[in-house]
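An overview of the molecular structure
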Amino acid sequence: MLGGGFLQYYVIKRAKELGYHVLVLDANPNAMGFAIADDYAVINIIDEKACLQYAQKHNIDGVLTAATDFSVLTMSHIAEAMHLPGINYKSAKLIKNKVEVRRCLYEAKADDTGYSFQIDSMEHIPEILSHVKFPVMVKPVDGSGSRGTTKVDRAEDFSKACKYAMDGSLSHRAVAEPFINGREYGVESFVDNGFIHVLGIMQKEMTDPPYYAELGHAIPSGLSDEMENKVKLCVRKALIALNVNHGSVNMDVLITENGNVHIIDIGARMGGNLIGSHIIPRGTGIDYMENMIRSAVGDQTDFRPKWSPKPIATKLLALTPGTVSSLPDFKRISSQYDVEIEHHLHVGDVINEYHTNLDGCGYVLASGCNVANAIMRANDAKKIIDKEIKR
C-alpha cells in the first residue's frame, strides 16, 4: 500500500480483515497505517525506484494506492516492473497531465468541453492571453484536490492565477480551461480485466469561489435516469480514450442547466473523502474496497451488490480556524444526530482556514430513508462540532 495516512488507513484495515499480508510505505514516520501494517518502511511514495526495490525485496503480489494522486505513477511502475495487475504506465502518466487529458477527451468527443491552454512559463502568458476567452479556470497541470485552482474573470488577473497554479504543480505548469457554469458531481469507476464498472454518481457540495473545494457528497445523485446514463456514457468514452486498462478511476464532472456534461478532473485511484470506504459501499451495496484489493492481486472479484443500498451523505469537517484547546463529546453528538463521525482532531491541533480538502479535520456521515434527511443531519452535526470545539 502506497500511503499510510488517514484515508489510506481504511483500505489497509479492509485488506487485513480479508486476510491479506499488508505492507505500507509512507514518507511520514508517524503514518497511522503503520500501526496495523504487517510490515512498513518510511519511504517517499513518489520515489519510484526506492518503492520498487522494497516491493521486489518483499516479493509482493499486488500494489495499491488510494485517495492521492502523488503515488499513482509509482503504483503503475511497480505493477509493470513486477508483472502485477495495474494501470499501464503510459495511461497513468497521461492522466497526470490535464492538458493532454483534455486534448484526448476532446478528440474522442467524450464530453461537451472545448479548448484548453497549457502554461509552461510566465513568459508565455502574453502570447496565450491573446487566445483566451474569459472566464476560465486555471489549475495545476498535475494537481488534485482543488489545490492551486482559481476562476479568472479578467485578463489582468490571469498572471497571478497562473503563478498560483504553477506553484501548486509538481512540474511547475498550469492549464487554463473554459469556465463552465454548472453543478459538480463525482463519479467513481473501476476497470477490471478491461471491463468498465461505473460504480456510482455522487452529488457534491462545493465551497464558493475562489477555492472550489469539496464540502460533502451524497448518493443518490438527484439526477434523472437519462442524465445519469449520459454521464456514465461520457465516463466510459473517457476511460476508453485514455486507454485505462485496470483499477480505480475517480472523476469530477460539471453538468450545465441545458444538460451538457464536462469532465473537469480525473484521478487514476480510489476517490478520497470516504468515497471508496463509505459512500460507494453504502450508497450502492457494492463492496468497492474488497473488489479493489482482490483485483490488485489477481483474485476473483464480484461487483454485484451484496446488500441493499441506502441514501448516504457526508460533510467534511471544514471548521473555524484556531488552535484546539478542547474537543466536544463526539459520542454524544453522534447519538443525538444519528451520524458517524470520523475525525483526526487532537487537543493542540491547528485548524486551518478551509481552502482545500486537506484543510478538513474529518467527516460526518449520515444514512437515512432519503438523501435530503441524511444531508440535513450530517450538516447539523457538523455545525454543532464546530460550535463546541474550544479554541
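Throughout what follows, the structure given in this document is the object of discussion. (Residues numbered from 1 in each chain as written. Predicted model: local features only at pLDDT ≥ 70, side-chain atom pairs only at ≥ 80, totals over all residues. Heavy atoms only, no water.)

**As for unusual backbone geometry**
- With an omega of 5 degrees, the peptide bond running from phenylalanine 134 to proline 135 counts as cis.
- Relative to the helices and strands, proline 135 is located in the loop between α6 (125-129) and β4 (136-140).
- Across the junction of isoleucine 219 and proline 220, the peptide omega takes the value 5 degrees, indicating a cis bond.
- Topologically, proline 220 is positioned in the loop between β9 (214-219) and α8 (225-241).
- Although it is not a glycine, asparagine 273 adopts a positive phi angle of roughly 55 degrees.
- Among the structural elements, asparagine 273 can be located in the loop between β11 (261-267) and α9 (275-284).
- Even without being a glycine, leucine 274 presents a positive backbone phi close to 70 degrees. (Helix = DSSP H or I, 4+ residues; strand = E, 2+ residues; numbered from the N terminus.)

**Here we look at the nonpolar core**
- In this structure, Ile78, Val231, Leu242, Met251 and Ile266 are the most contacted members of the largest nonpolar core, which totals 50 residues.
- With 6 residues, the top contributor of residues to this core is α8.
- Ignoring sequence-local partners within four residues, the contact set of isoleucine 78 consists of Leu2, Cys51, Leu52, Ala55, Ile60 and Val63.
- Core analysis: the second largest hydrophobic core is formed by 40 residues, Met1, Ala37, Ile219 and Phe303 among them. (Core = buried A, V, L, I, M, F, W, Y, C linked by side-chain atoms within 4.5 Å. Buried < 20%, exposed > 50% of the residue type's maximum accessible area, 1.4 Å probe, protein only. Contact = heavy atoms within 4.5 Å.)

**Some words on the sheet that holds strand β8 (residues 195-206)**
- The strand order across the open sheet formed by 8 strands is β11-β10-β7-β8-β9-β12-β16-β14, and the pairing between neighbours is antiparallel. Every other strand in the sheet has two partners, leaving β11 and β14 (340-343) as the edge strands with one partner each. Each strand of the sheet is rotated relative to its neighbour by a mean of 25 degrees, with strand direction disregarded.
- In the sheet, strand β10 (residues 247-255) pairs with β11 via 6 bridges, with the strands oriented antiparallel. In the sheet register, asparagine 250 faces β11, and the bridge partner there is glycine 267. (Pairing = 2+ DSSP bridges. Axes fitted to C-alpha atoms, helices over the stretch in contact; angles between N-to-C directions.)

**Notes on the pattern of salt bridges**
- Per the counting criterion, the structure on display carries 27 salt bridges.
- Residue lysine 98 is joined to aspartate 265 by a salt bridge in which the shortest nitrogen-to-oxygen separation is 2.5 Å. A residue pair is termed long-range when its members are at least 10 positions apart, and lysine 98 in helix α5 (residues 98-108) and aspartate 265 in strand β11 qualify at 167 residues.
- Looking at lysine 98, the relative accessible area reads 9%, which means it is buried.
- We classify aspartate 265 as buried; its relative accessible area is 18%.
- As a salt-bridge pair, aspartate 252 and lysine 204 come within 2.8 Å of each other at their nearest N and O atoms. Of the two residues, aspartate 252 is situated in strand β10 and lysine 204 in strand β8; the sequence distance between them amounts to 48 residues.
- Look at aspartate 252 and you get buried, because its relative accessible area is 11%.
- Each of Lys13, Arg14, Glu17, Asp287, Glu290, Arg294 and Lys306 takes part in a single network of salt bridges with overlapping partners. (Salt bridge = Lys/Arg side-chain N within 4 Å of Asp/Glu carboxyl O.)

**A short note on the side chain of aspartate 386**
- Relative to the assigned elements, aspartate 386 resides in helix α12 (residues 371-388).
- A polar side-chain atom of aspartate 386 sits 2.9 Å from a polar atom in the side chain of threonine 320.
- Among the polar contacts made by the side chain of aspartate 386, one reaches the side chain of arginine 391 at a distance of 2.6 Å.
- Those residues in contact with aspartate 386, other than ones at most four positions away along the chain, are Leu319, Thr320 and Arg391. (Polar contact = N/O pair within 3.5 Å; in protein donor to acceptor, adjacent residues only side chain to side chain.)

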